[in-house]
Amino acid sequence: MSIASPATTDPFGIPLSAKQGRSIVQSTARINVWEGSIRSGKTVASLIRWLQYIAAAPERGELVMIGKTIRSVFSNLFLPLMDPEITGPYAAEVHYTANAPYATILGRRVHVLAAPPDPMR
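Note on numbering: residues in each chain are counted from 1, in written sequence order. In view of the model being predicted, local features appear only for residues whose pLDDT reaches at least 70, and side-chain atom pairs are presented and counted only at 80 or more, with totals across whole chains, interfaces and linings using the full set of residues. Excluded from the side-chain calculations are hydrogens and water; all other atoms, namely the structure's heavy atoms, are used.

Turning our attention to the sheet that holds strand S4 (residues 94-95). In space, the four strands of this open sheet follow the order S3-S6-S5-S4, with mixed pairing throughout. Looking at strand neighbours, the two that pair on one side only are strand S3 (63-67) and S4, the edges of this open sheet. Here, strands pair whenever DSSP counts at least two bridges between them. Segments assigned H or I by DSSP are reported as helices when at least four residues long, segments assigned E as strands when at least two residues long, and all are numbered from the N terminus. Looking at chain direction, strand S5 (residues 102-105) and strand S6 (residues 108-114) are connected through four bridges and run antiparallel. Residue pairing in the sheet places Ile105 in a bridge with Arg108 of S6.

Here we come to the packing of aromatic side chains. Whether two aromatic rings pair depends on their centres lying within 6.5 Å, for rings of Phe, Tyr and Trp, where Trp uses its six-membered ring; planes under 30 degrees apart make the pair stacked, over 60 edge-to-face, and the rest tilted. A full pass over the atoms with the stated rule returns three aromatic pairs. Note on Trp50 and Tyr53: the rings are 5.9 Å apart at their centroids and 10 degrees apart in plane angle, and the pair reads as stacked. A residue pair is termed a helical-turn pair when its members lie 3 or 4 positions apart in one helix, as Trp50 and Tyr53 do in helix H2 (residues 42-56) at three residues. Judged by relative accessible area, Trp50 falls into the buried class, the value being 19%. Using a relative accessible area of 41% as the deciding quantity, one classes Tyr53 as partly exposed. Geometrically, the ring pair formed by Phe78 and Tyr96 is stacked, given 4.2 Å between the ring centres and 15 degrees between the ring planes. You can see Phe78 sitting in helix H3 (residues 70-81) and its partner Tyr96 sitting in the loop between S4 and S5, a full 18 residues away along the chain. You can call Tyr96 buried: its relative accessible area is 9%. One aromatic cluster is present, formed by Phe74, Phe78 and Tyr96 through successive ring pairs. Definition used: whenever NZ (Lys) or CZ (Arg) falls within 6 Å of the ring centre and also within 35 degrees of the ring normal, the charge is taken to sit over that ring. Here Arg109 stacks its cationic end above the ring of Tyr102, 3.6 Å away from the centre of that ring. Three labels apply to residues, based on accessible area from a 1.4 Å probe with only protein chains included: buried if under 20% of the type maximum, exposed if over 50%, partly exposed otherwise in between.

This brings us to the pairing of S6. For S3 and S6, the ladder comprises five bridges, and the chain directions are parallel. Across the sheet, the residue bridging to Val64 is His111, located in S6. As consecutive antiparallel partners, S5 and S6 are separated by two residues, and within that stretch Leu106 has a phi angle of approximately 50 degrees, a positive value.

Secondary-structure assignment places Thr87 in helix H4 (residues 84-87). As a C-alpha pair, Thr87 and Ile14 span 73 residues in sequence and 6.5 Å in three-dimensional space. Other than its neighbours up to four places away in sequence, Thr87 contacts Ile14, Leu51, Pro80 and Leu81. Under this definition, polar contacts are N or O atom pairs within 3.5 Å; protein pairs additionally need one hydrogen-donor-capable and one acceptor-capable atom, and for neighbouring residues in sequence, both atoms have to be side-chain atoms. Polar side-chain contacts of Thr87 include one of 2.7 Å to the backbone oxygen of Leu81. Here, two residues are considered to be in contact whenever any of their heavy atoms come within 4.5 Å of each other.

Written as structure tokens, this is what we have:
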């Protein structure tokens, strides 16, 4: 993938800004954190990287998506993943029913969890 142009395309064929492309290419750690202003494309870039990871993930081991609540995972992660305007033809490969304990993404089972409540709140 070339990230030199102002807008590029990831391997899934989704148009990206140069910053989004760089963030995907550079997200090679076990845990990656995207930071930046609101509506800067962080969620889209991280979700595309997640799809890339799932596509190449070893068959052994569990895949998990965690959010503050199951509802927040659905609205902030699954709705964009299932939107063909965002993930193109791969939206059809994401299957999740709100509040379900797992999803199927690219044929792989992905557990969906809520973070435990903070006892200090």
